[in-house]
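Tertiary structure, described
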Amino acid sequence: MRLWIDTNVARSVTAIEELCSLAGRKGVEVVVHAQVYLERRRQMRVRAGVRFSEARFDSFLRQCGIQIIDIHLDHPTAARWADSLCQRYPTDSDWELAKQRTLGGELSADFKIIPGKMPMTTDWLIALAVEEHAASRVITHDEGEEWRQLREAEPRRALRWDEAVAWLESLPVDEPKAGPGA
């Protein structure tokens, strides 16, 4: 079972530590996509300037047990995801509209006219990766179209912070397995 963390919720060191501690007690692996790592590390490097310590940044992730996950987009995965997206958005105009719906907040407000053709963002890939594993959840405050399948899943799989904590708390404590010599 995995809990993915999106960039928009990876803000408080204390909250992340508490979340990872709770997840560990419940046997849930906490992961971030490599791009989330990239975004957050860049943000922290800018904020700290010359005081930024890559060793401390990476050490924090290791201490919390947060794994950096790559999404391997091979041929079979690309085929499955393309077919899934085609079923959800059967026409080119449906797909373009869906991608436009990913523009939120200030970015959307900055456009006088929403662009016609838009690229697929990394969030689509992360959402599709989370969808592939029924036991996975993601913490995100993003209300974009790319997360809709996970938001509307039953049980809900795209969670806000408080929902993710409640989900973790509802799980049984993960009892250590007895080893071969026990």
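Here we summarise the structure given alongside this text. Per chain, residues are indexed from 1 in the order of the written sequence. Given that this is a predicted model, residues contribute local features only at a pLDDT of at least 70 and side-chain atom pairs are listed and counted only at 80 or more, while totals for whole chains, interfaces and linings are drawn from all residues. The side-chain figures draw on all heavy atoms in the structure; neither hydrogens nor water molecules are used.

**Some points on the overall build of the protein**
Only runs of H or I of at least four residues qualify as helices and only runs of E of at least two qualify as strands under DSSP, and these elements are numbered from the N terminus. When you go through the protein residue by residue, the secondary structure sums to nine helices and five strands. Listed N to C, the secondary structure of the protein is β-α-β-α-α-β-α-α-α-α-β-α-β-α in terms of helices and strands. Buried positions account for 40% of the 182 residues belonging to the protein. Taking as baseline every contact in the protein between residues at least 6 positions apart, the subset at least 24 positions apart corresponds to 62%. To be clear on the numbers: accessible area is Shrake-Rupley with a 1.4 Å probe, and residue cover counts the displayed protein chains and nothing else. Of the roughly 10900 Å² that the protein leaves accessible, carbon and sulfur atoms contribute 54%. Only protein chains enter the accessibility calculation, which uses a 1.4 Å probe; a residue is then buried when its area is under 20% of its type maximum, exposed when over 50%, and partly exposed in between. A contact between two residues is defined here by any heavy atoms of the two lying within 4.5 Å.

**Description of the sheet that holds strand S3 (residues 67-69)**
As a general point, the strands of a sheet are linked pairwise by backbone hydrogen bonds and lie either parallel or antiparallel. Strands qualify as paired when DSSP identifies two bridges or more between them. Strand order in this open sheet of five strands is S3-S2-S1-S4-S5, and the pairing throughout is parallel. Unpaired on one side and paired on the other, S3 and strand S5 (158-159) mark the two borders of the sheet. Fitting a line to C-alpha atoms yields each axis, with helices limited to the stretch in contact; the angle taken between N-to-C directions then spans 0 to 180 degrees. Strand contacts of helix H7 (residues 122-131): strand S1 (2-5), strand S2 (29-33) and strand S4 (137-139), with the helix running at about 170° to S1, the strand carrying the most contacts.

**Comments concerning empty space enclosed by the protein**
Grid points spaced at 1 Å over the protein atoms alone were grouped into cavities, where a 1.4 Å probe fits but cannot get out, and pockets, open sets with protein on both sides within 12 Å along at least five of seven lines, with lining residues defined by an atom within 4 Å of a point. Grid points are joined across faces, edges and corners, and a volume is the space filled by probe spheres set on the points. The tally for this structure, following the rule as stated, stands at one cavity of 30 Å³ or more. Taken as a whole, the largest cavity encloses approximately 30 Å³ of empty space. Considering the residues around the largest cavity, the lining is formed by Trp-4, Ile-5, Asp-6, Val-32, His-33, Val-36, Ile-126 and Val-138. Of all the secondary structure elements, the ones that give two or more residues to the lining of the largest cavity are S1 and S2. Looking at side-chain class alone, the lining of the largest cavity contains six nonpolar, one polar and one charged residues. Only Asp, Glu, Lys and Arg are considered charged in this grouping, and only Ala, Val, Leu, Ile, Met, Phe, Trp, Tyr, Cys and Pro are considered nonpolar; every other residue, Gly among them, is considered polar.

**Focus: helix H5 (residues 92-100)**
Inspection of H5 places Trp-95, Glu-96, Ala-98 and Lys-99 among the buried residues, and these make up the whole buried set. End-on, the buried residues of H5 take up no more than an arc of 160°, which puts them together on one face. Buried-residue contacts for H5 involve helix H4 (75-88) and H7. Relevant arc is that of directions from the helix axis to the C-beta atoms, nothing else.

**What about the packing of helix H1 (residues 13-25) against helix H9 (residues 161-170)?**
Taken N-terminus to C-terminus, the directions of H1 and H9 make an angle of 25°; their axes are 9 Å apart at the nearest point. As far as their axial angle goes, H9 and H1 are roughly parallel. H9 is crossed by H1, and the crossing has left-handed handedness. Counted together, Ala-15, Ile-16, Leu-19, Leu-22 and Ala-23 of H1 and Trp-161, Val-165, Leu-168 and Glu-169 of H9 form the full contact between these two elements. Every angle not falling under 35 degrees, over 145, or within 65 to 115 is termed oblique; those three ranges are roughly parallel, roughly antiparallel and roughly perpendicular. In this scheme the handedness of a crossing depends on how the near helix is turned from the far one: anticlockwise by less than a right angle means left-handed, clockwise means right-handed.

**Overview of the nonpolar core**
If you look at the biggest cluster of nonpolar residues, it comprises 46 residues, and the most contacted ones within it are Trp-4, Ile-5, Ile-16, Ile-66 and Leu-168. Element by element, the count of residues in this core is highest for H7, at six residues. If we ignore the near neighbours within four places in the chain, the residues touching Ile-5 are Ala-10, Ile-16, Leu-19, Val-30, Val-31, Val-32, Val-36 and Ile-139. Take the buried residues of types Ala, Val, Leu, Ile, Met, Phe, Trp, Tyr and Cys, join any two whose side-chain atoms come within 4.5 Å, and each joined set is a nonpolar core.

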